[in-house]
Amino acid sequence: MRVLKYNGEYKLFPATQTQNTEQPGRAEVSVKDRSEASVSVEISNEGWEKYCSSKAADEAAMADIMKSGCVLYDSPGLKVIGSPGHLSASNLIYRSLNSTFNWVVRGKSNDSEYELEMPAEDAAATLLEAYAIMYDDIIRGYAEGTRTVYDTDESQPEGYRILTKEEELKMLDDEFDNLVAGYLFRRDLHYKSMKTGLEMYQKLTIEFAGKRGRYAKWDEFYEKCKAKAEDLEKRLKKNDMPDDFGVKVMKGLTMLKKSYAGVVNDNLIQKALDACHLPAAQKDEE
């Protein structure tokens, strides 16, 4: 059987059916995940008849999914993931790449400010590592015969077709460009917001400086505004993002693909990072 999530529900789609000779009148369906651990499900005659009667509806639902732009990542056995909605293969690749990037960030720091304020060198390393993980997954999947990616194609009778490895890798490169551009856009907005905040707290600090000693609450507010202004100013000074960051990261990406030898490790990421020629991360002063 194949399992597909559609409209919030998991549906069964026929894959293989074997008759259970020991118990006549009952069908046994086996599915395997990537670890080859078998799972057997026995279905009564009544249940099997209901399933068969709904088969046409399920097939129609499958067709609707593909028409809407669904992408299925398939592998031998149970791993079939459906994504109803207006999604193309490139959309899903971007989402996966972005999720991988966020996962790498969280592995480095749980600080909510770290993602958009990390040194340029760390940002490049994080972006390249996210790419390397997905690149490795794609290369391995095709080499082992466990990866099939479906994308909608109205020119095909079925309404979809299977992508080639080269097509998927090209999509990965394109979406990595979008990931870098999106990161830089969000980071720029973040620092602009910080600058606005710094200006506000500096004005408040000056305003309440002249009121110190008159009222305890004003003294407390002055100290808080001053501390906040100093913190923002310090964080803004640490921003070392160069204007040509995107170009430098793409040089690192070229080196990463050239150096890839079937494994993703610190050495691979460091080689790619060295090719970026970014300033070393500043150390915090004691």
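Refer to the structure above for everything that follows.
Residues numbered from 1 in each chain as written. Predicted model: local features only at pLDDT ≥ 70, side-chain atom pairs only at ≥ 80, totals over all residues. Heavy atoms only, no water.

1. Focus on the nonpolar core
For step 1, the next point in the chain: With 42 residues, the main nonpolar core has Phe176 and Phe245 as its most contacted residues.
For step 2, the next point in the chain: Elements supplying a minimum of two residues to this core: helix H3 (89-108), helix H4 (114-117), helix H5 (120-144), helix H6 (165-209), helix H8 (245-259) and helix H9 (266-276).
For step 3, the next point in the chain: The element best represented in this core is H5, accounting for 13 residues.
For step 4, the next point in the chain: Residues Met194, Leu198, Leu232 and Leu236 belong to the second largest nonpolar core, which totals six residues. (Core = buried A, V, L, I, M, F, W, Y, C linked by side-chain atoms within 4.5 Å. Buried < 20%, exposed > 50% of the residue type's maximum accessible area, 1.4 Å probe, protein only. Helix = DSSP H or I, 4+ residues; strand = E, 2+ residues; numbered from the N terminus.)

2. Quick word on the packing of H5 against H8
Helix packing geometry: the angle between the two helix axes and the distance between the axes.
For step 1, the next point in the chain: Closest axis-to-axis distance for the H5/H8 pair is 10 Å, and the angle between their directions is 40 degrees. The angle between H5 and H8 places the two elements in the oblique class. Crossing of H5 against H8: the hand is right-handed. Contact residues: Ala120, Ala123, Ala124, Leu127, Leu128, Tyr131, Ala132 and Tyr135 in H5; Phe245, Val249, Gly252, Leu253, Leu256 and Lys257 in H8.
For step 2, the next point in the chain: Of the residues assigned to the contact of H5 with H8, the class counts are twelve nonpolar, one polar and one charged. (Axes fitted to C-alpha atoms, helices over the stretch in contact; angles between N-to-C directions. Parallel < 35°, antiparallel > 145°, perpendicular 65-115°, else oblique. Left-handed = near helix turned anticlockwise from the far one by under 90°. Contact = heavy atoms within 4.5 Å. Nonpolar A, V, L, I, M, F, W, Y, C, P; charged D, E, K, R; others polar.)

3. Remarks on the packing of H5 against H9
For step 1, the next point in the chain: Put simply, H5 and H9 touch, their axes get as near as 10 Å, and they point 130 degrees apart. The pairing of H5 with H9 is recorded here as oblique in orientation. Once H5 is placed against H9, the crossing between them reads as right-handed. On the side of H5, the interface is formed by Glu121, Ala124, Ala125, Leu128, Glu129 and Ala132, while H9 contributes Ile269, Ala272, Leu273 and Cys276.

4. So, the side chain of threonine 205
For step 1, the next point in the chain: As for its position among the elements, threonine 205 is in helix H6.
For step 2, the next point in the chain: Contact partners of threonine 205, with chain neighbours within four places excluded, come to Tyr222, Cys225, Lys226 and Ala229.

5. What to know about unusual backbone geometry
For step 1, the next point in the chain: Even without a glycine there, the phi angle at histidine 277 is positive, about 55 degrees.
For step 2, the next point in the chain: Judged by relative accessible area, which is 61%, histidine 277 ranks as exposed.

6. What about the pattern of salt bridges?
For step 1, the next point in the chain: Across all of its chains, the model carries 14 salt bridges by this definition.
For step 2, the next point in the chain: When the shortest N-O distance is used, the salt bridge between lysine 192 and aspartate 188 registers 3.2 Å. One end of the pair is lysine 192 and the other is aspartate 188, both in helix H6 and four residues apart, which spans about a single turn.
For step 3, the next point in the chain: Here lysine 192 falls in the partly exposed class, since its relative accessible area comes to 49%.
For step 4, the next point in the chain: Ionic contacts of the salt-bridge type, sharing partners, join the residues Glu113, Glu117, Asp231 and Arg235 into one network. (Salt bridge = Lys/Arg side-chain N within 4 Å of Asp/Glu carboxyl O.)

7. Looking at the packing of aromatic side chains
For step 1, the next point in the chain: In the structure shown here, the tally under the stated rule is six aromatic pairs.
For step 2, the next point in the chain: Here tyrosine 131 and phenylalanine 176 contribute two aromatic rings whose centre-to-centre distance is 5.2 Å and whose plane-to-plane angle is 70 degrees, an arrangement assigned as edge-to-face. Of this pair, tyrosine 131 sits in helix H5 while phenylalanine 176 is found in helix H6, placing the two residues 45 residues apart along the sequence. The residues tyrosine 131 and phenylalanine 176 share a single accessibility class, namely buried. (Phe/Tyr/Trp six-rings, centres within 6.5 Å; stacked < 30°, edge-to-face > 60°.)

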